[in-house]
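What the coordinates show
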Amino acid sequence: CERGIYLFHNTKLRKLYFLSQSEDTQQQIIRETFHLVSKRDENVCNFLEGGLLIGGSDNKLIYRHYATLYFVFLCGFLRNELGILDLIQVFVETLDKCFENVCELDLIFHVDKVHNILAEMVMGGMVLETNMNEIVTQIDAQNKLEKSEAGLAGAPARAVSAVKNMNLPEIPRNINIGDISIKVPNLPTFK
Amino acid sequence: MPAPIRLRELIRTIRTARTQAEEREMIQKECAAIRSSFREEDNTYRCRNVAKLLYMHMLGYPAHFGQLECLKLIASQKFTDKRIGYLGAMLLLDERQDVHLLMTNCIKNDLNHSTQYVQGLALCTLGCMGSSEMCRDLAGEVEKLLKTSNSYLRKKAALCAVHVIRKVPELMEMFLPATKNLLNEKNHGVLHTSVVLLTEMCERSPDMLAHFRKLVPQLVRILKNLIMSGYSPEHDVSGISDPFLQVRILRLLRILGRNDDDSSEAMNDILAQVATNTETSKNVGNAILYETVLTIMDIKSESGLRVLAINILGRFLLNNDKNIRYVALTSLLKTVQTDHNAVQRHRSTIVDCLKDLDVSIKRRAMELSFALVNGNNVRGMMKELLYFLDSCEPEFKADCASGIFLAAEKYAPSKRWHIDTIMRVLTTAGSYVRDDAVPNLIQLITNSVEMHAYTVQRLYKAILGDYSQQSLVQVASWCIGEYGDLLVSGQCEEEEPIQVTEDEVLDILESVLISNMSASVTRGYALTAIMKLSTRFTCTVNRIKKVVSIYGSSIDVELQQRAVEYNALFKKYDHMRPALLERMPVMEKVTTNGPAEIVQTNGETETAVLETKPPPSGLQPANQANDLLDLLGGSDITPVIPTAPTSKPASAGGELLDLLGDLNLTAFLVGSPVSSPVPQIAQPPFLLDGLTSQPLFNDTAAGIPSITAYNKNGLKIDFTFERSNTNPSVTVITIQASNSTELDMTDFVFQAAVPKTFQLQLLSPSSSVIPAFNSGTITQVIKVLNPQKQQLRMRIKLTYNHKGSAMQDLAEVNNFPPQSWQ
């Protein structure tokens, strides 16, 4: 199963997902992974055996380099390495679809979205869904759900603040227009 | 309190930070703001704050104070809150925080929520970080969801079930009924995760494995559909239909087919089909082929299929893509033991991979090359491997050198080739050679008697220019010390003899002593070599005396001790010096290392191997110990119990040399009792527990018939047997050797070896001379331990002098009476 998924930029390290390990181990693992991967030449193979910190030779690092980013998967020993390479490719393509020509900035500014997409693909270290369209559909549906809620939640607050700012003079008790007499109910004052 | 800034603002701000310190400051300010916001229990902005907190956590800053907030978010009704809350839970919480248990109730409610996405979130979180308590509580809910018709939930439930099973294996049974229909799904996502679930269950429990074997036909059908079906756009990856699912199914088939003939047979066709029909131009196809190969290798496939698999791997090796070559080499390494011949066909490609630039590929190619060396290809392979040794990275050199030594020992076509190879290794990678190689090499050199002059000449030339490689210098010093006379007299037959004077030889040894690059051990070797030369050289004895006396005041304690003793040897015990410094005897072994003597079948030697447990220095050939002890005056000699020489090649050399090396250095402790080296030749404890050295038992078994083990050229050897009722696995054999010719047989040595399941101990013979005309016999006692009551077989070696010539014979004794071993 996958033990960790990381995203590296040339200088910055980010982790996306981790199987339970202590906080310090995680940080160390990230640092070591970064060192190992950033030193790699362009035309070597994409697999690295783990160093001491990354759980020893039982774990493998499988990475792919896209422009300035490295996508690194830390996997247990039994995984089919070539399959993981494909998985990374599908992941990146899905990101591309969700963000429309994804670029590095998208990934930085929408970290939570990236997490959500990843959650649709990988769960508990195992591959959940690899069908791009399916994933995108689910993500879209969930995003819509979120948006609808935010709309409802946002509206009352906006309405309240709008009224607060209206500077209403004192409320008339009786409105007399010609023959019509309207009695205005007792409204609580807005604060 | 102004509204907390949005996540995007925060990210933008942090990115403007130019230094780490600046970033830290910003983060701290924001953390403070978030903390106060949390204190105010603000519902509206909580999710925004937690999102920011998660971002900061991802950058590496502590975020534990947000854990409770995550819980509050999970409990909220809004989807947005729940989403961030669950994400936060997955990132910030794990089993070690007690807080996570509070989530259990929330998750339970959410698992039954009306919105499938909420249910999905709950499943996801449970499946990622659920602790065993949580899993236990919620397993029922998960199982319910496993049976739902909603495919989105079903696939998540399947993976969640895998996690539950991992955490609480006892609950596996619970999910069994739900798995009945899993494979009938059309939805690939569900199919995929179901296969994962089934794989997990089969891996964990052999009962489940047996139960699920009946699914093999169904799996085969699904796989077939995948391959045969035309283009299906939703699952297509580079032209192949849902490769991930194919790979998963192949892995499950592997587990089901392992060790099971019926299942393996059912899979044969489909595996052949996948192997032949899959497109290999893209990585995807190769991934599937790789998994297929792994499966074929693991199950009980027929040989044609295996050959197909290895050919696929061979094709991989020719692929330009490094990843594929790496993967192929790894798999070939796993299969080389079982399908040796098939892998041999790809030898040249593998050897080419040694020249690759990639470190991982080189390492694998090296290991594989060593596995492929055999008697036929040893010369060619060695050439390549030596070239590799020359040019490879330092981290490989030690392993490569050891590997070459091992292979050379096993398959050397001739002694000269062997020595040349060793020399080459020593000169190219001398500083990386492992320490235990030196004694082995020395032992090897002593064994090739006719090559001594050649060897010493080459070694001398090697260190003439450069004496920094410790292992090389050690071996060279030892040889020069031993065979310096051959060197100086220019006796080499194999190549052009060089003209070396005694002074030149001493020059080089002295430079080794003086040099800063020499390790202490190396200096010791050099000093001893110089000392030995005092008997072999004629005109430079005074110089040697001077050198030895100088080091009597060396700071290095080891050197000092040696020098002082050697000095004493010169002064007070000069009469003993020639005898003590005599040429080392050739070390005999029952099984030699030459290919002529060992029949390799599946890596096991057919010839018998003696395994003994006594301390290493306890092993030694009988004659040598006796000879040396005789030399030392014969006083105070405790009875030596010689054991038959061990035939474990690597260790024998080391142990023998340890002992002889010890004798070389410490036996010259004049003034101390002669028996100091001798007590190390202790009695091996295993056979003699409670038994005296007298072979006769008081409670012997009923008389066992004796046999004539050997009768040739006038030498006859009879075996008589005794067994004890109290210790029936021990058989005591008394041999009697008699001589019917008209001349005595002198220096008679009897050696024996037995198959691996036995243990053998030889006691000392009564004498080494067999008088002629059957007028007397030599008796010797052999004790055989036969715990497995296997048929007794023995191979014996006899050496003796007769009629002025040395005779030697090997024979096998197979006619042991059944009563002696049953």
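Residues numbered from 1 in each chain as written. Chains lettered and ligands numbered in written order. Predicted model: local features only at pLDDT ≥ 70, side-chain atom pairs only at ≥ 80, totals over all residues. Heavy atoms only, no water.

Focus on the overall build of chain B
A tally of regular secondary structure across chain B gives 34 helices and 12 strands. For chain B, buried positions account for 56% of its 822 residues. Partitioning the contacts of chain B with sequence separation of at least 6, the portion at a separation of at least 24 is 69%. (Helix = DSSP H or I, 4+ residues; strand = E, 2+ residues; numbered from the N terminus. Buried < 20%, exposed > 50% of the residue type's maximum accessible area, 1.4 Å probe, protein only. Contact = heavy atoms within 4.5 Å.)

So, the sheet that holds strand β5 (residues 707–712) of chain B
Each strand in a sheet pairs with its neighbour through backbone hydrogen bonds, running either in the same direction (parallel) or in the opposite one (antiparallel). All names here are of chain B. Read across the open sheet, the five strands follow the order β5-β6-β7-β10-β9; overall the sheet is antiparallel. Edge positions in the open sheet fall to β5 and β9 (759–762), since each of these has one partner strand only. Going from strand to strand, the sheet's axes swing by 20° on average, the running direction of each strand aside. Note: β9 against strand β10 (residues 777–785), four bridges, orientation antiparallel. Within β10, the position partnered with Leu-760 by the bridge is Val-784. (Pairing = 2+ DSSP bridges. Axes fitted to C-alpha atoms, helices over the stretch in contact; angles between N-to-C directions.)

A look at the packing of helix α16 (residues 283–298) of chain B against helix α18 (residues 322–335) of chain B
Residue and element names in this part refer to chain B. The N-to-C vectors of α16 and α18 enclose an angle of 0°; their axes lie 11 Å apart at closest approach. Taken together, α16 and α18 sit at an angle that is classed as roughly parallel. The segment α16 lies against α18, with Asn-286, Tyr-290, Leu-294 and Met-297 engaging Ile-324, Val-327, Ser-331, Lys-334 and Thr-335. Here the contact of α16 with α18 is built from residues that sort into five nonpolar, three polar and one charged. (Parallel < 35°, antiparallel > 145°, perpendicular 65-115°, else oblique. Nonpolar A, V, L, I, M, F, W, Y, C, P; charged D, E, K, R; others polar.)

Re helix α9 (residues 151–167) of chain B
All names here are of chain B. In this model α9 runs 24 Å from its N-terminal to its C-terminal C-alpha over 17 residues, within 8% of the 24 Å that 1.5 Å per residue would give. Across the 17 residues of α9, 14 count as buried, placing the element largely inside the fold. At the N-terminal boundary of α9, the capping side chain belongs to Asn-150, with an oxygen 2.9 Å from the backbone nitrogen of Tyr-152. (Expected span 1.5 Å × (residues − 1). Polar contact = N/O pair within 3.5 Å; in protein donor to acceptor, adjacent residues only side chain to side chain.)

Topic: helix α25 (residues 437–447) of chain B
Counting buried residues along α25 of chain B, 10 of its 11 residues qualify, which places the element largely inside the surrounding structure. Among all positions of α25 of chain B, only Ala-437, Val-438, Pro-439, Asn-440, Leu-441, Ile-442, Gln-443, Leu-444, Ile-445 and Thr-446 of chain B are buried.

Examining the sheet that holds strand β12 (residues 805–813) of chain B
All names here are of chain B. With respect to topology, three strands assemble into an open sheet ordered β8-β11-β12, the strand pairing being antiparallel. The open sheet terminates on both sides in strands that have one partner only, identified here as β8 (745–753) and β12. Strand-to-strand twist in this sheet, taken as the mean axis angle between neighbours without regard to direction, amounts to 15°.

Digging into the packing of helix α14 (residues 243–257) of chain B against α16 of chain B
Residues and elements named next belong to chain B. Between α14 and α16, the shortest axis-to-axis distance is 9 Å and the interhelical angle comes to 5°. By the angle class used here, α14 and α16 are roughly parallel. Counting all contacts with α14, which are made through Pro-243, Gln-246, Val-247, Leu-250, Arg-251, Leu-253 and Arg-254, the residues of α16 involved are Val-284, Ala-287, Ile-288, Glu-291, Thr-292, Leu-294, Thr-295 and Asp-298. Counted by class, the contact of α14 with α16 contains eight nonpolar, three polar and four charged residues.

Describing the environment of Ile-361 of chain B
Residue and element names in this part refer to chain B. When you line up the elements, Ile-361 lands in helix α21 (residues 359–372). On the basis of relative accessibility, which here comes to 0%, the residue Ile-361 falls in the buried class. C-alpha separation for the pair Ile-361 and Ile-350, spaced 11 residues apart in sequence, amounts to 9.9 Å. Ignoring any residue separated from it by four or fewer positions in sequence, one finds Ile-361 in contact with Lys-322, Arg-325, Tyr-326, Leu-329, Cys-353 and Asp-356.

Structural notes on the environment of Asn-341 of chain B
Its location among the elements puts Asn-341 of chain B in helix α19 (residues 340–344). Counting along the chain gives 31 residues from Asn-341 of chain B to Leu-372 of chain B, while the straight-line C-alpha distance between them is 9.1 Å.

Digging into the pattern of salt bridges
When the charged atoms of two side chains lie near each other, side chains of opposite charge can form a pair. Residues and elements named next belong to chain B. Scanning the model with the defined rule gives 41 salt bridges over all chains in all. Arg-251 is the salt-bridge partner of Glu-291, the closest N and O atoms lying 3.4 Å from each other. A residue pair is termed long-range when its members are at least 10 positions apart, and Glu-291 in helix α16 and Arg-251 in helix α14 qualify at 40 residues. Judged by relative accessible area, Arg-251 falls into the buried class, the value being 12%. Arg-543 is the salt-bridge partner of Asp-507, the closest N and O atoms lying 2.6 Å from each other. Of the two residues, Asp-507 is situated in helix α28 (residues 502–514) and Arg-543 in helix α30 (residues 541–550); the sequence distance between them amounts to 36 residues. (Salt bridge = Lys/Arg side-chain N within 4 Å of Asp/Glu carboxyl O.)

Considering the nonpolar core
Core analysis: the largest hydrophobic core is formed by 222 residues, its most contacted members being Phe-71 of chain A together with Met-103, Phe-175, Leu-256, Ile-404 and Val-505 of chain B. Ignoring anything within four residues of it in the chain, the contact list for Phe-175 of chain B reads Ala-139, Val-142, Glu-143, Leu-146, Ala-161, Val-164, Ile-165 and Met-201 of chain B. Formed by 32 residues, the second largest nonpolar core is a distinct cluster that contains Leu-715, Ile-717, Ala-737 and Ile-782 of chain B. (Core = buried A, V, L, I, M, F, W, Y, C linked by side-chain atoms within 4.5 Å.)

As for the pairing of strand β4 (residues 60–66) of chain A
Residue and element names in this part refer to chain A. Sheet topology note: the β4/strand β5 (residues 69–75) ladder contains seven bridges and is antiparallel. By the bridge assignment for β5, Ile-62 is matched with Phe-73. Taking the residues between adjacent antiparallel strands as the criterion, β4 and β5 are bridged by two residues, where Ala-67 takes a positive phi near 50°.

So, the side chain of Asn-116 of chain A
Mapping Asn-116 of chain A onto the fold places it in helix α4 (residues 111–121). Apart from residues lying up to four places away in sequence, Asn-116 of chain A is in contact with Ile-139 of chain A together with Arg-83 of chain B.

Overview of the interface of chain A and chain B
Chain A puts 56 residues into the contact, and the matching count from chain B is 58 residues. Taking both partners together, chain A and chain B bury about 5400 Å²; carbon and sulfur atoms supply 57% of that area. It is Leu-82, Phe-109 and Met-123 of chain A in chain A that bury the most area against chain B; as a group they hold 13% of the surface buried on that side. Seen at the junction of chain A and chain B, the total is three salt bridges. Summed over the shared surface of chain A and chain B, the result is seven residue pairs in polar contact (both at pLDDT 80 or more). Residue assignment for the side of chain A that touches chain B shows that the elements contributing at least two residues are β2 (13–18), α1 (23–38), β3 (47–49), α2 (81–99), α3 (104–109), α4, β7 (126–127) and α5 (132–164) of chain A. Examining the composition of the side of chain A that touches chain B, we find that 11 residues originate from one element, α5 of chain A, more than from any other. When the residues that make up the side of chain A that touches chain B are grouped by side-chain class, the tally is 24 nonpolar, 17 polar and 15 charged. (Buried area = accessible area lost by both parts, 1.4 Å probe.)

Notes on the pairing of strand β11 (residues 794–802) of chain B
All names here are of chain B. The buried count for β11 comes to seven of nine residues, which makes it a mostly enclosed element. Pairing of β8 with β11 involves seven bridges; the strand directions are antiparallel. Bridge assignment links Val-749 to a residue of β11, and that residue is Thr-799. Pairing of β11 with β12, which is carried by nine bridges, proceeds in the antiparallel orientation. Bridging from a neighbouring strand, Thr-799 pairs with Gln-808 of β12.

Notes on the confidence of the model for chain B
All names here are of chain B. Taken residue by residue, chain B gives an average pLDDT of 77. The fraction at 70 or more is 84%. Least confident of the elements in chain B is strand β3 (residues 600–601), whose mean pLDDT is 32; most confident is α9, at 89. Within the model, the stretch residues 589–701 combines pLDDT values under 50 with 170 contacts to residues more than four positions away or in other chains. Interface predicted TM-score (ipTM) for the complex: 0.71; the corresponding pTM is 0.61. (pLDDT = per-residue confidence, 0-100.)

Topic: the packing of aromatic side chains
Tallied over the entire structure, the rule returns eight aromatic pairs over all chains. Relative to Tyr-152 of chain B, the ring of Tyr-117 of chain B has its centre 5.4 Å away and its plane inclined at 65°; by these criteria the two rings are edge-to-face. One end of the pair, Tyr-117 of chain B, is in helix α7 (residues 116–129); the other, Tyr-152 of chain B, is in helix α9, and 35 residues separate them in sequence. Ring geometry for Phe-388 of chain B and Phe-396 of chain B: centres 6.1 Å apart, planes at 35°, overall tilted. You can call Phe-388 of chain B buried: its relative accessible area is 3%. Among the residues examined, Phe-396 of chain B registers a relative accessible area of 0% and is labelled buried. A network of ring pairs unites the aromatic residues Tyr-66, Phe-71 and Phe-91 of chain A as a single cluster. Over the face of the ring belonging to Phe-65 of chain B we find Arg-35 of chain B, whose NZ or CZ atom lies 4.7 Å from the ring centre. Sitting above the plane of the Trp-478 of chain B ring, Lys-532 of chain B keeps its charged end 4.7 Å from the centroid. (Phe/Tyr/Trp six-rings, centres within 6.5 Å; stacked < 30°, edge-to-face > 60°. Lys NZ or Arg CZ within 6 Å of the ring centre and 35° of its normal.)

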